[in-house]
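Survey of secondary and tertiary structure
Read off the chains here:
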Amino acid sequence: MFRFVGWEIVKMLHLRSVRLGLAAAFVLPIIWTLAPGLKQVYGLVLVSGWQVPSLALLAGMEFLYPFLIAMAAAEVLGSEISMGTLKPLLLRPLSRTRFIAAKLIAALAYPFMVLAASLLASILAGLPHGLGGFFGGTGLGEGGFAGVGFLSAGAAFAEVLRAYVFAALTLLPIAALSLMFAVWFSSTTAAALGAIATVLLMRLLIAFPGLKPLLLTTYLDLYLHPADWAMGLSLLFIYTVGFGLLAVLLFERKDV
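Here is what the cut-offs are and how they apply
Here, residues in each chain are numbered from 1, in the same order as that chain's written sequence. Local features in this predicted model are restricted to residues of pLDDT 70 or higher, and side-chain atom pairs are both shown and tallied only at a pLDDT of 80 or more, whereas totals for entire chains, interfaces and linings draw on every residue. Just so you know, side-chain values use all the structure's heavy atoms and leave hydrogens and water out. What counts as a helix is a DSSP run of H or I of at least four residues, what counts as a strand is a run of E of at least two, and both are numbered from the N terminus. A helix's residues, less one, multiplied by 1.5 Å, set its expected span. We define the bend at each residue as the angle formed by axes fitted to the 7 residues ending at it and the 7 residues starting at it. The classification of residues rests on relative accessible area computed with a 1.4 Å probe and restricted to protein chains. Under 20% of the type maximum is buried, over 50% is exposed, and intermediate values are partly exposed. UniProt positions are given in the numbering used here, feature names are shortened, and annotations may be inferred rather than shown by experiment. Using protein atoms alone on a 1 Å grid, points that fit a 1.4 Å probe yet trap it form a cavity, whereas open point sets bounded by protein on both sides within 12 Å along at least five of seven lines form a pocket; residues with an atom within 4 Å of a point count as lining. Grid points are joined across faces, edges and corners, and a volume is the space filled by probe spheres set on the points. For this classification, Asp, Glu, Lys and Arg are treated as charged, while Ala, Val, Leu, Ile, Met, Phe, Trp, Tyr, Cys and Pro are nonpolar and the rest, including Gly, are polar.

In the annotation of an unreviewed UniProt entry, the protein chain is listed under the name ABC transporter permease and assigned to Oceanithermus profundus.

1. With respect to helix α2 (residues 16–34)
Taking 1.5 Å as the rise per residue, α2 with 19 residues should run 27 Å; its terminal C-alpha atoms sit 27 Å apart, in good agreement. By the largest-angle criterion, Val27 marks the main kink of α2, which is about 25°, and a proline, Pro29, follows within four residues. Buried within α2 we find Ser17, Val18, Gly21, Ala25, Leu28, Pro29 and Thr33.

2. Some points on the UniProt feature "transmembrane region" (unreviewed entry) in the protein chain
The UniProt feature table records "transmembrane region" (unreviewed entry) at residues 18–35, 55–78, 99–125, 163–183, 190–209 and 229–251. In residues 163–183, the share of helix is 100% and the share of strand is 0%. The end C-alpha atoms are 31 Å apart. Between the end C-alpha atoms of residues 229–251 the distance is 32 Å, and the span holds 100% helix and 0% strand.

3. Examining unusual backbone geometry
You will see that Ser186, though not glycine, has its phi angle at about 55°, which is positive. Turning to its location among the elements, Ser186 is positioned in the loop between α7 (153–185) and α8 (188–204).

4. Regarding empty space enclosed by the protein
One pass over the full model with this rule turns up one cavity of 30 Å³ or more. Here the largest cavity defines a volume of roughly 40 Å³. Lining the largest cavity are Glu62, Phe63, Pro66, Ile196, Val199, Leu200 and Arg203. Counting residues per element, the ones that place at least two in the lining of the largest cavity are α4 (52–83) and α8. If one sorts the elements of the lining of the largest cavity by residue count, α8 sits on top with four residues. Residue composition of the lining of the largest cavity, by class: five nonpolar, no polar and two charged.

This is the structure we're talking about:
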């Protein structure tokens, strides 16, 4: 099973949408450091390279990263269907449950790859601004970009790393949802659009206060509110497991 999961991850890395997503995640922080309108948009003048990761995260988590995750997770299965390789794979001595579970694990690994690429690029892009201690904040901790005084390099890195891990965790339900739609629709495009449409619909439902605590979109900015991790991560875990189980059940009963 572990060997098959590794094989699925390698196959996933050869998909165009996956490589495009990793490239986009790497380029975004570099673009933001060169943007002339940072002061107008965020009221920020960069005083440290440790502020660059937050810019990439704030911009990417708004729409780009969820879209990239949805596209890649949909193509993990959709590419097999479009290339006609799904049926031959199912003839191997591997149950359908293990097959789709391996696809799910690969899809769930992708958010961490995207955020790792973004973090690496952010640190590289921040080098010209310095990565030592500074007076201010990373934008991902107490006090935002203004901070609460002097911040050491170690503390800044810890804030940034924690935020990126939380951001990756919040994207897991979107990956599982997109894979579920891929099983349902047997189409990469329809699955990705279905996942994004669901996320956008959930964003609109915040107008209903009673539903807001139960929506996964409520916790997409969990990286800015680590104090809410218990409720947020619990709900995101339930969504991820629920969408994953639905994908497995649908695939078990689907005629391919």
